[in-house]
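Here are the chains, one letter per residue:
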Amino acid sequence: MQRGLLLLAGFLVAMAQPSFAWIQRFPDDGADFLYSNDVAIDASGDVFVGGAIVTSGTTNRMMVVKLGGAAGAEVWRRIFDPAPYAGGSAEAVAVDSSGDVVVAGDYGGGTPHAVIVAKLDGTTGADLWVHERSTSPGAVDVVFDSAGDVVVGGRFGSEFFVSKLDGATGVELWTYSIDGSPAHFEDAANVVAIDPSGDVLAAGLLDDESYVVKLAGATGAVLWSVAGDPDGTEALDLAIDGGGDVVVGIDGGAVVKLVGANGAEDWRHVEPSGGPAVALAGADVVATGQGGDVFRLAGGTGAELWRHAFLDNRGARHVVVSPAGAVFAAGERSTWTEPLFVARLDGATGALEWLTDHEGTDRHFADHVDALTVDPVGDPVAVGRLFDKERPFLFLALEADQADGSLAGLRGQTMVFRDKDPGNPAKRRVKFLVKGDEVQAPLPGSMNDPILAGATVRIWNPTTLEEAVVAAPAGADWKGIGSPPGINGYKYKDKTGVNPCKVSIRPFKNVKVTCKATGGPIAFSLDEASQGNLAASVALGIAGPQCASYGGLVVKDEPGQFKAKNAPAAGRCP
C-alpha cells in the first residue's frame, strides 16, 4: 500500500476530537423567506437562531430555531403565532447553563405593539414563560447573568431601557429607563452585558449621541454613565474584560476603554470611519474599523499591534475570538456579486489563514452575515441571508471547521477508480462527480480564483488514511466560464503533460474531476480486498475544501476497482 502526505494523515487522526462543520440553507417548508438576527450556542454545541419567518398573506412572525451542533439539522422551531404575535421579529437570543434559551424582540405591526421576552425549554422549544410590555418598539439585546436571571435592553417608546427579569418566572425585578431631552424615538440600548461582579453594562444611543451606563445588578441603580463622544454618534458594541473594565465600539470609528469602577476613559483608538465590533483576545482587544479592516489593540495602552485589510473590497462587520486565540471575522464584499464571507486570522500576527465566500443563486443582490460566534471547541458559527432566485432571501447557518474553513461534505454522486496494476501508479484512473446546491466557486479575480491561486485535488480512504494529493496550479490551464470569465465557474485541463487531472467547477451545480496517470503518478492504490468507501475533495486557493464521500450504492469494491453512486453527504469535510 502506498501512502502520501503522512503529516496530513497525522492531522486527520488528531482531528478525531468532536469538531463539526456544516452549512444549512432555509426555508425548507414553503415559507416565502426566513431571516436571522442573532445566534447563541449551548454547552453541547447546539445552535439557537433568532429571527423571523414570512409566508404569503402574513406579516413577519417572530421565530426561534434550534439546530443540532453535529450537522446543523433543525431540532425544533418555535413561531410566535397567531396574533397578538404577528408582525414580530426575534432580535436577540441567549442560552443559560442548563441549555434553555431566552429570546427577545418585538411583535405587533400596528396595535398592540410590545416588547416580548420569552424563555423556552432548550430541549423541546416549549414556553417556560413569556414577558410582555405593551406600547413599546422592542428589545434589542438579551443576556443571562450568573444566577440565571435575564437582562434585556432596547427601547420603550422613546426611552433607552434596561430591565432585569427573574430567570425562573419572567417577573420584572427592576427597570432602568431614560429619555433624551427633547424626546427622541431613536434612544435605545443596543447591547447589554454583565461584569464579573454581576453589575450590568448597557450601551447605545441617547439624544443622538453615544451613551454607556453601569447599573447595580441587584437594584438597577446607576453607578456611572458616560454620555456623548467626540469621535462617534452611537455605541454599537461593548465587551468587559476580566478586571471589569469596559471596551466600547462607537459608530464613526472609535474604540474606547473605560475604567469599570467609575467610567473614566483609560484610552481611545480612533478610526477615520466605521462602526466597530469589539471582542477580547486575552487582555487585548480585537475590533473592526475603517473599510472593514480587523485590528488588534494592546489592552493596557490601546496601541495597535496588527491590522488586516481584506482584499477584493471585502469588509468585516463581525469579529469573535476562539478560546485558543484564533480571530474569526465575517462580513460582505461590496462589489461584483456581493457574497458574504467568513475568515480566520492568526491571533498573534493578523495573517489570513483561510477565507471562504458564500452566496445565493441570485447574484444581483448583496448577501450578508447577521451574527457570528464560536462553539465550545472553537469552530466559528455564522448566520445570515442569501438572496435566491426562487425566494427573496434565505436564512443561512454555517459552522466552519476552525482549522481550514471547510464545511460539511456534499453528496457524492459517482466515483469510479480503476487500478489496472496496483504496483504501477501510471496505470491508475479516477473519476468523481459531486452534485449539490452548496457547490461554491470563488469570484473572478478574487484571492481564491483558481486562475490566480490554483487548486488541490485530494483522494483518500477514510479507514486506512491512504491518500493522494494532486495540484492543479494557477495559470493558463485554467479557464473561466461565463461572462465575465469565472462568473459561472471554472475549468482546468493540463496542457503540459505534468498534471493528470481535468477539473470542472460550476457553482450551485457540480464538481467534476478526471485524473489519468499518464503525465504523472497518482500516489494511491487499491490493493486492499475491499475499500468500503472512498472520499475526494477540491480546494480552491485558501478556501475550505469541498468534499464528498463515496459509499452509498457501491457497484464494485474489489482489488483494483471501486465504483459507487448516490452517496449521502459526508458528515463533515476532514
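Read on for a plain summary of the structure. (Residues numbered from 1 in each chain as written. Predicted model: local features only at pLDDT ≥ 70, side-chain atom pairs only at ≥ 80, totals over all residues. Heavy atoms only, no water.)

With that out of the way, let us pick up the overall build of the chain. Helix and strand counts for the chain stand at two helices and 44 strands. Summarising its shape, the C-alpha atoms of the chain cover approximately 80 × 50 × 45 Å along the three principal directions. For the chain, with 574 residues in total, the buried portion stands at 58%. In the chain, once contacts between residues fewer than 6 apart in sequence are set aside, the share between residues at least 24 apart is 52%. For the chain, the accessible area works out to roughly 21,300 Å², and carbon and sulfur atoms hold 53% of it. One way to put it: in the chain the 45 positive side-chain charges average out to a point 17 Å from where the 72 negative ones average out. (Helix = DSSP H or I, 4+ residues; strand = E, 2+ residues; numbered from the N terminus. Buried < 20%, exposed > 50% of the residue type's maximum accessible area, 1.4 Å probe, protein only. Contact = heavy atoms within 4.5 Å. Areas by Shrake-Rupley, 256 points an atom, 1.4 Å probe, with all protein chains shown as cover. Lys, Arg positive; Asp, Glu negative; His and termini not counted. Charge placed at Lys NZ, Arg CZ, Asp CG, Glu CD.)

A sheet is described by the order of its strands in space; here eight strands give the open sequence 37-38-39-40-34-33-44-43, paired in antiparallel fashion. In this open sheet, the two edge strands, each paired with only one partner strand, are strand 37 (478-480) and strand 43 (553-558). Direction aside, the axes of adjacent strands within the sheet are offset by 5° on average. Relative to strand 40 (residues 510-516), strand 34 (residues 428-435) runs antiparallel, the two sharing seven bridges. Residue valine 434 lies in a different strand from strand 40, and its bridge partner there is valine 511. (Pairing = 2+ DSSP bridges. Axes fitted to C-alpha atoms, helices over the stretch in contact; angles between N-to-C directions.)

Our focus in this paragraph is a positive patch on the surface. A cluster of basic residues, Arg418, Lys420, Lys427, Lys431, Lys479, Lys493, Lys495, Lys502, Lys516 and Lys556, forms a positive patch at the surface. Mapped onto the fold, lysine 516 is located in strand 40. (Patch = residues over 30% accessible without salt bridge, like charges linked within 9 Å, V, L, I, M, F, W, Y side chains within 5 Å. Salt bridge = Lys/Arg side-chain N within 4 Å of Asp/Glu carboxyl O.)

The next point concerns the pattern of salt bridges. This model, assessed by the stated rule, comprises 21 salt bridges. Ionic pairing is found between aspartate 195 and lysine 214, a salt bridge with its closest N-O pair at 3.3 Å. With aspartate 195 in the loop between strand 14 (188-194) and strand 15 (200-206) and lysine 214 in strand 16 (residues 209-215), this pair connects stretches of sequence that are 19 residues apart. Across the pair, lysine 214 and aspartate 195 agree in class, each one buried. Residue arginine 344 pairs with glutamate 353 through a salt bridge whose shortest N-O separation is 2.4 Å. Overall, arginine 344 belongs to the buried group, its relative accessible area being 18%.

Here the focus is the nonpolar core. Among the nonpolar cores identified, the biggest contains 35 residues, and Phe432 and Tyr550 are the most heavily contacted of them. Counting residues per element, this core draws most heavily on strand 41 (residues 534-540), at four residues. If we skip the residues at most four places from it in the chain, phenylalanine 432 touches Thr414, Met415, Val457, Ile459, Val511, Lys512, Val513, Ala536, Val538 and Tyr550. (Core = buried A, V, L, I, M, F, W, Y, C linked by side-chain atoms within 4.5 Å.)

With that out of the way, let us pick up the layout of surface pockets. Of the volumes computed, that of the largest pocket is approximately 1,700 Å³. Together, 40 residues line the largest pocket, and Asp38, Asp141, Val191, Asp237 and Leu372 are the ones closest to its centre. Ranked by residues supplied to the lining of the largest pocket, first place goes to strand 2 (residues 33-41) with six residues. Broken down by class, the residue content of the lining of the largest pocket amounts to 28 nonpolar, six polar and six charged. (1 Å grid on protein atoms, 1.4 Å probe; cavity = no way out; pocket = protein on both sides within 12 Å on 5 of 7 lines; lining within 4 Å. Points joined across faces, edges and corners; volume = space filled by probe spheres on them. Nonpolar A, V, L, I, M, F, W, Y, C, P; charged D, E, K, R; others polar.)

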